[in-house]
Amino acid sequence: MRFFLRLSFVFAFILCNTVLQAQNMGSSPYSQLGIGDIVNPAFGPQQAMGSAGVAYSNGFFINNINPALWARNRSVTLEVGVIGQYKKMSTSDASKTVTGGTLNNLALALPVARYWTTGLVLSPLSSVNYDISDTRILTGTAYTATTRYLGKGGFTSLNWNNGFSLLKNRLYLGLQTSYIFGATTKENISQVHGLPFTSAYTQNITASGFTFKPGFAYRKRVNYDKKDSLKIVYVSFAGTYDIPGRINLQRDRVLENRSDNGESGPFGQDSLVKNESGRVLMPGGFRAGFNIEKPFKWAVSGDFYYKNWSGYDISYNTDSLSSAYGFGVGAEYTPDINSVNSYLKRVTLRAGFNYSQMPIKYNDKQLSDRSISFGASFPVTTQDRSALSYLNATFVLGQRGDKAMVKENYFKIVFDFSISAFDWFRRYKID
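Quantities reported herein were computed from a predicted structural model and do not represent experimental measurements.

1. Concerning the side chain of Arg400
1) Next: Relative to the helices and strands, Arg400 is located in strand E17 (residues 387–402).
2) Next: We classify Arg400 as buried; its relative accessible area is 12%.
3) Next: Of note is the side chain of Arg400, whose polar atom sits 3.0 Å from the side chain of Ser28.

2. A word on the packing of aromatic side chains
1) Next: Tallied over the entire structure, the rule returns 15 aromatic pairs.
2) Next: Ring geometry for Tyr179 against Phe210: centres 5.2 Å apart, planes inclined by 50°, an arrangement best described as tilted. Note that Tyr179 is positioned in strand E6 (residues 171–192) and Phe210 in strand E7 (residues 197–223), a separation of 31 residues in sequence.
3) Next: Its relative accessible area of 47% is what places Phe210 among the partly exposed residues.
4) Next: When the centroid spacing of 5.8 Å and the interplanar angle of 35° are considered together, the rings of Phe327 and Tyr355 count as tilted.

3. Brief notes about the pairing of E6
1) Next: Pairing geometry for strand E5 (residues 144–166) and E6, over 22 bridges, is antiparallel. Across the sheet, residue Trp160 finds its bridge partner in E6, namely Thr177.
2) Next: Adjacent in sequence and paired antiparallel, E5 and E6 are bridged by four residues, among which Leu167 carries a positive phi angle near 55°.
3) Next: Judged from the 20 bridges that link them, E6 and E7 form a sheet pairing that is antiparallel. Looking across to E7, one finds that Ser178 is bridged to Thr211.
4) Next: A loop of four residues connects E6 with E7, the two strands running antiparallel in sequence, and Gly194 in this loop sits at a positive phi of about 105°.

4. With respect to the pattern of salt bridges
1) Next: Taken as a whole and assessed by the stated rule, the structure comprises 13 salt bridges.
2) Next: Asp131 is paired through a salt bridge with Arg148; the nearest N and O atoms lie 2.5 Å apart. Residue Asp131 is found in strand E4 (residues 116–137), and its partner Arg148 is found in strand E5; the two are separated by 17 residues along the sequence.
3) Next: Asp131 sits in the partly exposed class, given a relative accessible area of 38%.
4) Next: Arg148 gets classed as partly exposed once you look at its relative accessible area, which sits at 34%.

5. A few points about unusual backbone geometry
Of all residues except glycine, most have a negative phi; of all peptide bonds, most are trans.
1) Next: Although it is not a glycine, Asn275 sits at a positive phi angle of roughly 55°.
2) Next: Tracing the chain through its elements places Asn275 in strand E10 (residues 266–282).
3) Next: Phi angles above zero are rare outside glycine, and Asp364 is one such case at about 65°.
4) Next: Inspection of the secondary structure puts Asp364 in the loop between strand E15 (348–362) and strand E16 (365–381).

6. Looking at the environment of Pro379
1) Next: Position of Pro379 among the secondary structure elements: in strand E16.
2) Next: With twelve residues separating them along the chain, Pro379 and Leu391 place their C-alpha atoms 6.5 Å apart.

The rules behind each value
- Residues numbered from 1 in each chain as written.
- Predicted model: local features only at pLDDT ≥ 70, side-chain atom pairs only at ≥ 80, totals over all residues.
- Heavy atoms only, no water.
- Helix = DSSP H or I, 4+ residues; strand = E, 2+ residues; numbered from the N terminus.
- Buried < 20%, exposed > 50% of the residue type's maximum accessible area, 1.4 Å probe, protein only.
- Polar contact = N/O pair within 3.5 Å; in protein donor to acceptor, adjacent residues only side chain to side chain.
- Phe/Tyr/Trp six-rings, centres within 6.5 Å; stacked < 30°, edge-to-face > 60°.
- Pairing = 2+ DSSP bridges.
- Salt bridge = Lys/Arg side-chain N within 4 Å of Asp/Glu carboxyl O.

Right, here's the structure in full:
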């Protein structure tokens, strides 16, 4: 079993190295603003509960929303997730469909002491992928020009999480230290119809920097039955705070004329700027929520979150974003986690709803994103019962934007696999 876990961990790192380099959730015109489309930080099981979970963790799954609750992972846990998306984009006079997929998360939790768990998470932070064309007649001439706006890339987050349990496992404190890195390429390609070349203005931007997110959770037992531990009920309250941070940028800018067919390579290239320094000021925000649970039977969670995107600022453009809020609610239910005769009774079912404002306004109206979700966790146990594994499947159906600008109807599928190993550090003696 130990060999299998180590092999899985190595394979996961190889997977993330290939997938994150080409993260692609399908194109979206909204990704041209800010640092791109922000990726949902919740892993599969929490996305199935409406992305609520700042106050909930059962110890078998990793909570990527609140670092404090890592202290509830008392066994070595590896969690790998992938996500796919089908999306239909439409305006008042056109529509098209796009698909995409990427690694959603790679996480490893390591209990260091009875009260302390540490670990790493690698996941996409944002995605840039758009292709927009605009054709118009040049003022004062009979010529028509088409300009394509292209973008690709995104930012990735490597998180170091530390969670601590205090007051006999009633109070949890934690800190997430994130190293943000990545690269984006943005091009404006213009062609005057009838001319044998195009003009392209290209920006290549790389990013690196740190952000910090502290968190807490308070968990109190409100009902207790000494004869039946499954009748215990807990109530939890929790919160996190995104500390405003600075991400350093480097930009190269190139202006070039290209042949009409694009095959003969550029001519007349001019490197306008190389290694131009800049920065992104990441906004602050907070998330707060509650959870009521009967362990390994049912749970109900709710989150409220706010992000001060009006405080966002970047050196190279003048994107105007608006502060936004959102909320999520969800529940899970397990018929009988100890059932011997029925496998289906050990399957955990989840459902939820999420509503959030986008940091974008159109005609003084703030755009929104709303979705429903559902999913299930299927237990997988090893023959020697040295580990407990789950295959988590999540389905999200949602809509965001406005048809007056661009409306996106999307369907997401998240597959998440977690392994909790009870004997990772166990040593055996032969008499």
